[in-house]
Amino acid sequence: MILDQLDHAALYAGVNDRLATAFQYLAAHDFTQIEPGRYELDGERVYAMVQQYDTKPSNQGKWEAHRQYIDVQYVAAGTERMGYAPLESLSAGPYHEDGDYLLLEGEGIFLPMPAGTFVVLAPQDAHMPGVASVSGPSPVRKVVVKVQVGP
């Protein structure tokens, strides 16, 4: 897992071309002005989902992980907490190939993600997105860029 500010994304763009595409897209747009929805950047290899929602208490969240995609989750407006745990530290349910997600059970840590923050979550990184701060639920505008792992 990588957690940083978008201003520092160039440090990680060299990991692979698809991550570079994700960071270029995030840096080039004002997502407070873009409608929620799916936006293809490189077909199924790299695509973005602009989301708007209210954060939720952690007891309403779900631990998840992916096998086919790396998530680059960027908070464009608002603040949320991101849950993180190493995949092997949680108990796994069945993998849902059609949606590329594995639901998990267990405990992890929660990190604040104010506007301007991104997190990169690889297949070994279990996560619980969209969690409210201790002060309660709040609106968030977020972009999730899905970066395909394989060829």
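This one's a predicted model, so the numbers in the text were calculated from it and none came from an experiment.

Peer 1: Sorry, what's going on with the sheet that holds strand S12 (residues 139-148) here?
Peer 2: Consider a sheet: its strands pair through backbone hydrogen bonds, and that pairing is either parallel or antiparallel. Here we have 6 strands laid out as an open sheet, ordered S1-S10-S5-S12-S3-S2, and antiparallel in their pairing. Strands with a single pairing partner mark the edges of an open sheet, and in this sheet they are strand S1 (2-5) and strand S2 (37-42). Looking at each pair of strands side by side, their axes are set apart by 20° on average, direction ignored. Of the strands in this sheet, S2, strand S3 (46-54), strand S5 (69-77), strand S10 (117-121) and S12 touch helix H1 (residues 17-28), which is tilted by about 155° from S12.

Peer 1: How should unusual backbone geometry be read in this particular structure?
Peer 2: Non-glycine residue Asp 100 carries a positive phi angle of around 50°. With respect to the secondary-structure elements, Asp 100 resides in the loop between strand S7 (91-96) and strand S8 (101-105).

Peer 1: How should the side chain of Thr 117 be read in this particular structure?
Peer 2: Along the chain, Thr 117 falls in strand S10. Polar contacts involving the side chain of Thr 117 include one to the main-chain carbonyl oxygen of Pro 114, which spans 2.8 Å.

Peer 1: What is the right way to read the pattern of salt bridges from this model?
Peer 2: Pairing between side chains of opposite charge can happen when the charged atoms of each approach one another. For the structure on display, the rule yields 5 salt bridges. Across the pair Glu 44 and Arg 38 runs a salt bridge whose closest N-O atoms are separated by 2.6 Å. Assessed through its relative accessible area of 43%, Glu 44 is described here as partly exposed. The exposure class assigned to Arg 38 is partly exposed, which follows from its relative accessible area of 41%. Two residues, Asp 71 and Lys 146, come together in a salt bridge whose shortest N-O distance is 2.6 Å. Here Lys 146 lies in strand S12 and Asp 71 lies in strand S5, a separation of 75 residues in the sequence.

Peer 1: Teacher, can you tell me more about the packing of aromatic side chains here?
Peer 2: Geometry of an aromatic ring pair is reported as the spacing of the ring centres plus the angle between the planes. In the structure shown here, the tally under the stated rule is 6 aromatic pairs. Aromatic side chains Phe 31 and Tyr 74 sit 6.4 Å apart centroid to centroid with 65° between the ring planes, which places their arrangement in the edge-to-face category. With Phe 31 in the loop between H1 and S2 and Tyr 74 in strand S5, the pair connects residues that are 43 residues apart, well separated along the chain. Among the residues examined, Tyr 74 registers a relative accessible area of 11% and is labelled buried. Through successive ring pairs, a cluster of aromatic residues spans Tyr 12, Phe 23 and Phe 118. In this arrangement the basic side chain of Arg 38 is found over the ring face of Tyr 47, its NZ or CZ atom lying 3.6 Å from the centre. Above the face of the Tyr 95 ring, Arg 67 is positioned so that its terminal group lies 4.1 Å from the ring centre.

Peer 1: Quick question: what am I supposed to make of the nonpolar core here?
Peer 2: Generally speaking, soluble globular proteins have nonpolar side chains that are buried together. Within the largest apolar cluster, 22 residues are counted, with the highest numbers of intra-cluster contacts made by Phe 23, Leu 26, Phe 31, Val 72, Val 143 and Val 145. Counting residues per element, the ones that place at least two in this core are H1, S3, S5, S10 and S12. When neighbours within four sequence positions are excluded, Leu 26 is seen to be in contact with Leu 6, Phe 31, Val 72, Tyr 74, Val 143 and Val 145. Among the nonpolar cores identified, the runner-up in size contains 9 residues, and Leu 102, Leu 104, Ala 126 and Met 128 belong to it.

Analysis parameters
- Residues numbered from 1 in each chain as written.
- Predicted model: local features only at pLDDT ≥ 70, side-chain atom pairs only at ≥ 80, totals over all residues.
- Heavy atoms only, no water.
- Pairing = 2+ DSSP bridges.
- Helix = DSSP H or I, 4+ residues; strand = E, 2+ residues; numbered from the N terminus.
- Axes fitted to C-alpha atoms, helices over the stretch in contact; angles between N-to-C directions.
- Contact = heavy atoms within 4.5 Å.
- Polar contact = N/O pair within 3.5 Å; in protein donor to acceptor, adjacent residues only side chain to side chain.
- Salt bridge = Lys/Arg side-chain N within 4 Å of Asp/Glu carboxyl O.
- Buried < 20%, exposed > 50% of the residue type's maximum accessible area, 1.4 Å probe, protein only.
- Phe/Tyr/Trp six-rings, centres within 6.5 Å; stacked < 30°, edge-to-face > 60°.
- Lys NZ or Arg CZ within 6 Å of the ring centre and 35° of its normal.
- Core = buried A, V, L, I, M, F, W, Y, C linked by side-chain atoms within 4.5 Å.

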